[in-house]
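Descriptive analysis of the structure
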Amino acid sequence: MTDLSDKIRSLLRPEVLALSAYHVPDSSGYVKLDAMENPYSWPDDMVDEWLARLSEAQPNRYPDPACSRLKTGLRNAYGVPEEAGLLIGNGSDEIIQIILMALKGRDATVLAPEPTFVMYRQIASCLGLKFVGAPLREADFSLDMTAMRTAIETHRPAVIFLAYPNNPTGNLFDPGDIEEILRMAPGLVVLDEAYTAYAGRSFMPRLPEFDRLLVMRTLSKLGLAGLRLGFLAGARAWVDEFDKIRLPYNINVLTQISAELAIEKRELFEAQVELILRDRRLLHEELSRLPEIQVYRSDANFILFRLLRHDPDRVFRALKDAGILIKNLHSSGGRLAGCLRVTVGVPEENRKFLGALAKALAA
Ligand SMILES: *Cc1c(COP(=O)(O)O)cnc(C)c1O
């Protein structure tokens, strides 16, 4: 065994050895409010139509490597400007990886305000790139432009990631601040619009104004997390380069067919989003009524809250014992100390969560 571990150490990059694997807890049997999934299923007639289309798939053949039909659907549905190029990824996680794999030099720097989506740091570290996090403001997690300007000038980042709205904090950054970053950034700026359906704001229509802006989207948070489909829009000159790194058959035939159908039926998802927005408001109001909790504004399908007096690990465990799984961010430390994050579920799930939380806080 020691021989094997020596071999591993001698062959693998130190940054890989230093990583810890992305941990996903077992959620079976729980009310699952931890991962920003859309909790609604599809009506029976849509399931029938879906299965009928899937039955025509040819699993013995490779999928369309260009995803041509799917791309046309995405362009029309999401208002991708005609002059922009489109890259399709196996989830937007893969797109983050593709962008970072293309960067020149091991000393290239990736910048993002923090706390934010952990995969920017995770993937950059794994590729041996330098990652710099600039702190968000303590009070409301808005961009600290003094910190951002300093970080940009000091580190001259090759790529800046901005999640718009941000995860895990839930807020939208000020569009004026984003514009300033776009103008001063020496490299690419990736706006990660994973939650755009819940925010109603996007830089997609403004792509033609900025030739180093890339807008990234995913179908995951809209209601198709199981499919793994993300896309990136931006100047064709960039996208054509990234497309060379994409593995040719990264989107399997079942995902292509399913995503095409989902785009045709997008009114269903839009109706589900309306329900989630209604319940986000209710959940926010109810959370705000609980004692010694600070509830943050959300433009996404989840809510971040901070326990001002209670032990967050104990409250998280009490919820789990009551069969409810949310996300404990307390262990991330820093500005997330005391914080938990809950995804908006169906009304019954939200009620169960609120009941169990109130009980945990009273204990
Ligand atoms: C969930 C999430 C993603 C990942 O989306 P996938 O398409 O499922 O890989 C990307 N960015 C942010 C900010 C997210 O919260």
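Residues numbered from 1 in each chain as written. Predicted model: local features only at pLDDT ≥ 70, side-chain atom pairs only at ≥ 80, totals over all residues. Heavy atoms only, no water.

1. Describing a nonpolar patch on the surface
Applicable threshold: A patch consists of residues whose relative accessible area exceeds 30% and which take part in no salt bridge; residues with like charges are grouped when within 9 Å of each other, and nonpolar side chains (Val, Leu, Ile, Met, Phe, Trp, Tyr) when within 5 Å. Here the open area of atoms and residues is found with the Shrake-Rupley method and a 1.4 Å probe, where only the protein chains shown may cover a residue. Note on definitions: salt bridges are taken to be side-chain nitrogens of Lys or Arg within 4 Å of carboxyl oxygens of Asp or Glu. Runs of E in the DSSP output that reach at least two residues are strands. Runs of H or I that reach at least four are helices, and both are numbered from the N terminus.
A cluster of nonpolar side chains, Leu4, Ile8, Leu11, Leu12, Val16 and Leu17, forms an exposed patch at the surface whose accessible area comes to about 510 Å². Elements with a contribution of two residues or more to the nonpolar patch: α1 (2–11) and α2 (14–18). At three residues, α1 tops the list of elements feeding residues into the nonpolar patch.

2. Here's the deal with the packing of helix α13 (residues 266–289) against helix α15 (residues 347–362)
Rule in force here: In this description, a line fitted to the C-alpha atoms serves as the axis of each element, helices being fitted only across the stretch in contact, and the angle between N-to-C directions of two axes falls anywhere from 0 to 180 degrees. Throughout, the term roughly parallel applies to angles under 35 degrees, roughly antiparallel to angles over 145, roughly perpendicular to angles from 65 to 115, and oblique to all others. The contact criterion used throughout is that any non-hydrogen atoms of two residues lie within 4.5 Å. Residues are grouped as follows: nonpolar covers Ala, Val, Leu, Ile, Met, Phe, Trp, Tyr, Cys and Pro; charged covers Asp, Glu, Lys and Arg; every other residue, Gly included, is treated as polar.
At a minimum axis separation of 11 Å, α13 and α15 run at an interaxial angle of 10°. Relative to α15, the element α13 lies roughly parallel. Contacts between α13 and α15 involve Arg278, Asp279, Leu283, Glu286 and Leu287 from the first element and Pro347, Asn350, Phe353, Leu354 and Leu357 from the second. A per-class count over the contact of α13 with α15 returns six nonpolar, one polar and three charged.

3. Focus on helix α14 (residues 312–321)
The following threshold applies: Remark: exposure states derive from per-residue accessible area (1.4 Å probe, protein chains only) relative to the maximum for the residue type, with buried under 20%, exposed over 50%, and partly exposed in between. What the arc measures is the spread of directions leading from the helix axis to the C-beta atoms. Contacts described as polar in this section are N or O atom pairs within 3.5 Å, which, within protein, must combine one atom able to donate a hydrogen with one able to accept it, while residues neighboring in sequence count only if both atoms come from side chains.
Of all the residues in α14, the buried ones are Pro312, Val315, Phe316 and Leu319. Taken down its axis, α14 places every buried residue within 100° of arc, on the same side. Elements that come into contact with the buried residues of α14 comprise β10 (302–307), β11 (324–325), β12 (327–328), β13 (339–343) and α15. Where α14 begins, the side chain of aspartate 311 points an oxygen toward the backbone nitrogen of aspartate 313, at a separation of 3.0 Å. Just past α14, the residue glycine 323 takes up positive phi, approximately 90°.

4. Considerations on the sheet that holds strand β4 (residues 130–135)
Filter applied, for reference: Here the rule is simple: two strands pair whenever DSSP picks up at least two bridges between them.
Overall, mixed pairing links the seven strands, which are arranged β2-β8-β7-β6-β5-β3-β4 in an open sheet. On the outer flanks of this sheet lie β2 (84–89) and β4, each paired with one strand and no other. Geometrically, the sheet is characterised by an average inter-axis angle of 20° between neighbouring strands, direction not taken into account. Bridge analysis of strand β5 (residues 159–163) against strand β6 (residues 188–192) gives five bridges, and the strand direction is parallel. Paired with alanine 163 across the strands is aspartate 192, a residue of β6. Contacts from helix α4 (residues 68–78) reach β2, β7 (213–218) and β8 (230–235), with the element oriented near 120° to β2. Its contacts with the sheet put helix α5 (residues 92–101) on β2, β3 (109–114), β5, β6, β7 and β8, and the angle it makes with β7 is roughly 150°.

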